[in-house]
Amino acid sequence: MSDGSSFEGTAQSSSGSSSSGSSSSSDATINEHLKTLRRSLKLSVPYTGGVHPVKSDDLVIYYDVKGKKDPRRINLETATETALKELESACEKATFGVDQTDVLDETYRKAGKMDLNKFASRLDVVSSGLLDAITPDLLVGQSVDSDKDLKAEIYKLNVYGPGSFFKAHRDTPRGEDMIGSLVVIFPTDHTGGELTLDHDGQKWTFDAAAKLTEFNSTPSLAYIAFYSDVTHAMEPVLTGYRVTLTYNLFLSERVNKVVVGHRIVPAAEREFEDALRALLARPNFLPKGGLLAYGLSHQYPIPTSVAKGSSRLGHVLQLLKGSDARIRTVSERVGLTTNVKMLYDSAEKDYARKSGYDVIADDILDTEYVYDNADYDMRLRDEIEKMGVIIERSAERTQELKKKAEEKGSYYWVDDEARDPVEGVAVHWVTQITGLNQVASAYMMYGNDASIEHVYGNAAIFVTIPAFSEGLRAQT
Ligand SMILES: O=C(O)CCC(=O)C(=O)O
Ligand SMILES: [Fe+2]
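Residues numbered from 1 in each chain as written. Chains lettered and ligands numbered in written order. Predicted model: local features only at pLDDT ≥ 70, side-chain atom pairs only at ≥ 80, totals over all residues. Heavy atoms only, no water.

1. Focus on the coordination of the iron ion (ligand 2)
Which entries qualify depends on this criterion: Only nitrogen, oxygen and sulfur atoms qualify as donors, and only when within 2.8 Å of the metal (3.2 Å in the case of Na, K and Ca); with water excluded, sites may look incomplete. Helix and strand definitions here come from DSSP, where helices need a minimum of 4 consecutive H or I residues and strands a minimum of 2 consecutive E residues; each element is numbered from the N-terminal end. Exposed residues in this analysis have more than 50% of their type's maximum accessible area, buried residues have under 20%, and partly exposed residues fall in between, with area computed by a 1.4 Å probe over protein chains only.
In this structure, H169 (NE2), D171 (OD) and H232 (NE2) serve as the protein donors to the iron ion (ligand 2), at separations of 2.1 Å. In primary-sequence terms, the residues that donate to the iron ion (ligand 2) follow H-x1-D-x60-H. With D171 in the loop between β11 (165–169) and β12 (178–185) and H232 in strand β17 (residues 231–234), this residue pair connects regions lying 61 residues apart in the sequence. For H232, a relative accessible area of 5% puts it in the buried group.

2. Focus on the packing of helix α1 (residues 28–41) against helix α5 (residues 267–280)
What counts, and what does not: Angular values range over 0 to 180 degrees, each being the angle between N-to-C directions of two axes fitted as lines to C-alpha atoms, with helices fitted over their stretch in contact. Each angle gets one of four labels, with under 35 degrees taken as roughly parallel, over 145 as roughly antiparallel, 65 to 115 as roughly perpendicular, and the rest as oblique. Handedness of a helix crossing follows the sense of rotation of the near helix relative to the far helix, less than a right angle counterclockwise being left-handed and clockwise being right-handed. Between two residues, a contact is recorded if the distance between any of their heavy atoms is within 4.5 Å. Residue polarity follows a fixed list, in which Ala, Val, Leu, Ile, Met, Phe, Trp, Tyr, Cys and Pro are nonpolar, Asp, Glu, Lys and Arg are charged, and the others, Gly among them, are polar.
Look at α1 against α5: their axes get within 9 Å of each other, and the N-to-C directions meet at 155°. Considering the angle they form, α1 stands roughly antiparallel to α5. Relative to α5, the crossing made by α1 is left-handed. Two secondary-structure elements touch here, α1 through I30, H33, L34, T36, L37, R39, S40 and L41 and α5 through A268, E271, F272, A275, L276, A278 and L279. When the residues that make up the contact of α1 with α5 are grouped by side-chain class, the tally is ten nonpolar, three polar and two charged.

3. Side note on the site of ligand 1
To be explicit about the condition: Here a residue is near a molecule or strand as soon as one of its heavy atoms is found within 4 Å of it. Polar contact criterion, stated in full: a pair of N or O atoms within 3.5 Å, where within protein one must be able to donate a hydrogen and the other to accept it, and residues adjacent in sequence count only if both atoms are side-chain atoms. Only the protein chains shown count as cover for residues, with accessible areas throughout obtained via the Shrake-Rupley method and a probe of 1.4 Å.
Near ligand 1 you find R109, K156, Y160, F166, H169, D171, V183, L195, H232, M234, R242 and T244, and these make up its full shell. At a separation of 2.9 Å, an oxygen atom of ligand 1 approaches a polar side-chain atom of K156. Take D171: an N or O atom from its side chain is 3.0 Å from an oxygen atom of ligand 1. Relative to its unbound accessible area of 290 Å², ligand 1 is 97% covered by the protein chains. Among the elements of the structure, β10 (148–160), β11, β17 and β19 (242–253) are those that each provide at least two residues to the shell around ligand 1. Taken together, the residues that form the shell around ligand 1 break down as five nonpolar, three polar and four charged.

4. So, the sheet that holds strand β3 (residues 72–75)
Formally: Here, strands pair whenever DSSP counts at least two bridges between them.
Taking strand neighbours across the sheet as the criterion, the three strands line up as β3-β2-β9 in an open arrangement whose pairing is antiparallel. If you trace the sheet from one side to the other, it starts and ends with β3 and β9 (119–121), each paired once. Strand-to-strand twist of the sheet, defined as the mean angle between neighbouring strand axes without regard to direction, takes the value 20°. Where strand β2 (residues 60–63) and β3 come together, four bridges link them in antiparallel fashion.

5. With respect to the environment of S127
Its location among the elements puts S127 in the loop between β9 and α3 (130–138). Counting along the chain gives 73 residues from S127 to V54, while the straight-line C-alpha distance between them is 9.9 Å. A distance of 3.3 Å separates a polar atom in the side chain of S127 from a polar atom in the side chain of D124.

6. Quick notes on the pattern of salt bridges
Using the following cut-off: We define a salt bridge as a side-chain nitrogen of Lys or Arg found within 4 Å of a carboxyl oxygen belonging to Asp or Glu.
Counting across every chain of the model gives 16 salt bridges. Across the pair R333 and E269 runs a salt bridge, and its minimum N-O distance is 2.8 Å. Within this pair, whereas R333 is found in helix α7 (residues 322–334), its partner E269 is found in helix α5, the two being separated by 64 residues in sequence. A relative accessible area of 2% places E269 in the buried class. A salt bridge links K341 to D362; the shortest N-O distance between them is 2.8 Å. With K341 in strand β21 (residues 338–345) and D362 in the loop between β23 (358–361) and β24 (371–373), the pair connects residues that are 21 residues apart, well separated along the chain. Judged by its relative accessible area of 52%, D362 is exposed. Linked through salt bridges whose partners overlap, the residues forming this network are E269, E273, R277 and R333.

7. A look at the packing of aromatic side chains
Each aromatic ring pair is described using two quantities: the centre-to-centre distance and the angle formed by the ring planes. This is how the line gets drawn: For Phe, Tyr and Trp, where Trp contributes only its six-membered ring, two rings pair if their centres lie within 6.5 Å, and the inter-plane angle classes them as stacked under 30 degrees, edge-to-face over 60, or tilted in between. Criterion for a charge above a ring: Lys NZ or Arg CZ within 6 Å of the ring centre, and within 35 degrees of the ring normal.
Overall, the coordinates contain five aromatic pairs when judged by the stated rule. Judged by centre distance (6.2 Å) and plane angle (50°), the rings of F96 and F166 are tilted. In this pair, F96 sits in strand β5 (residues 96–98) while F166 sits in strand β11, placing the two residues 70 residues apart along the sequence. Judged by relative accessible area, F96 falls into the buried class, the value being 13%. The class for F166 is buried, based on a relative accessible area of 8%. The ring of F250 carries the charged tip of K151 above its face, separated from the ring centre by 5.6 Å. Over the face of the ring belonging to Y160 we find R242, whose NZ or CZ atom lies 5.4 Å from the ring centre.

8. Some remarks on the sheet that holds β12
Consider a sheet: its strands pair through backbone hydrogen bonds, and that pairing is either parallel or antiparallel. With antiparallel pairing, the seven strands of this open sheet are ordered in space as β1-β16-β12-β19-β10-β8-β4. For this open sheet the edge positions go to β1 (47–53) and β4 (92–93), each flanked by a neighbour on one side alone. Taken together, the twelve bridges between β10 and β19 define a ladder with antiparallel strand orientation. Along β19, the bridge assignment pairs D149 with S252. Of the strands in this sheet, β1, β10, β12, β16 (220–227) and β19 touch α3, which is tilted by about 30° from β16.

9. So, helix α6 (residues 312–319)
In an α-helix, one full turn covers 3.6 residues, which means residues spaced three or four apart are oriented alike. Put simply, the rule is: What the arc measures is the spread of directions leading from the helix axis to the C-beta atoms.
Inspection of α6 places R312, L313, V316, L317 and L319 among the buried residues, and these make up the whole buried set. Buried positions in α6, seen along its axis, are confined to an arc of 165° and lie on one side of it.

10. A short note on the nonpolar core
Just so we agree on the cut-off: Throughout this description, the term nonpolar core refers to a set of buried Ala, Val, Leu, Ile, Met, Phe, Trp, Tyr and Cys residues connected via side-chain atoms within 4.5 Å. What fixes the domain bounds is an automatic or database domain assignment.
The biggest cluster of nonpolar side chains holds 103 residues, and the ones touching the most others in it are L37, L182, L292 and Y294. The greatest single-element share of this core, amounting to seven residues, is contributed by β16. There are two domains that each give this core at least three residues, and those are domain 1 (46–253) and domain 2 (267–475). Once residues lying within four places of it in the same chain are set aside, the contact partners of Y294 are L37, L41, F272, I327, W429, V430, T431, A460, I461 and V463. By size, the runner-up hydrophobic cluster in this structure holds nine residues, among which are L291, A293, L343 and V427.

11. Structural notes on unusual backbone geometry
The phi angle at D200 is positive, at roughly 55°, despite the residue not being glycine. By the element assignment, D200 lies in the loop between β14 (195–199) and β15 (202–206). Since its relative accessible area comes to 36%, D200 is described here as partly exposed. Positioned with a positive phi, L286 is a non-glycine residue whose angle comes to about 40°.

The structure is reproduced here in structure tokens:
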């Protein structure tokens, strides 16, 4: 995941959605710099994995067998097929989560599982150095003096005998600060059981069995850690037994403050920073100030309701990962304020007015007191526009809305009634808005029949750029 330092996962496609940022300027240099920002953000990958040396003792598991008083012991470095079969028989059938309930469906997941109260492992992810091995890659993009750290909590043991598999899914997040999963694969003889990962249009494969065969000189474990929004699947195990421990990964507060020494800045981060500084130095880049906007490339938990006074989006800013975190880290290092905000378009639900506006709001639209009327639905638009700052609608956004109007028969692209023109804040979209962090707000619509309608906003990152002669740009 890091810039060239992790294992060589096989990238199978790189057809990520192209992001054409809007640019009201025709300045070629500015466009080049924006392109560099975009390209460097694409360089981080959402996982890390490899093989990690451990002590032989770390490969021992004690487990309960139903009806037996004493636990069994198995050493997964030397275990025979018979011993592994016994471990498998002591497992329950693994379920998986669908809409908050656990479902058993062996056409989707065929595996044995053991809960925490049924086994004990000698492996300690901290003292073995495993957590240290994955932390820099999963916290990539966070600033070096960030007060964030990674914490792992063991979750379960799985045994995959021949023919076992797990189809494409995402792991159910357990808690708002959970950012990913770590799977540790023991060095038992097996083939198959490759893990395939899928994120943002890119795919990778991690073949733990092949890695373990390659590095079998010392007792070792294979491991793969990935963010919660990565879709993954386990291919069928062909021969032998694949035994794993799964850990939930959380962002936690760092206990010991780091002393920042001299750090080698990853190439992608340096490239991003250089392009950003170059943009700021150009007098015709947002001369009166404005915003650099980025669609989020990861999904975050956004609470739909929250105690008054606390910020839902501020929490997301704390949780940013990978390239999203890098945008914040570098922008703040350069001296720019970074926020996560909501983007709403104030076009009404059935038709887009050519002069509709996009609005950036500091919080999720509160529709508690909004009602709409079939004949007169300015009210919602006014509420949206009151939420925050109006931004210039880019040519791309206008096209997008027009297309939506054309595709949907009931969605009209209409001329606006007389309205004072609004001067919006200038925005450069570096990467396009993604639908990964969409939040719906419900409101009542009164027509012939009252109904509940929804208005959708998308969270995105906004970096405030001062006017050319102001703030940090005054010094250049
Ligand atoms: O064993 C693996 O590699 C992945 C297992 C998995 O996806 C899960 O348990 O949720
Ligand atoms: Fe999973």
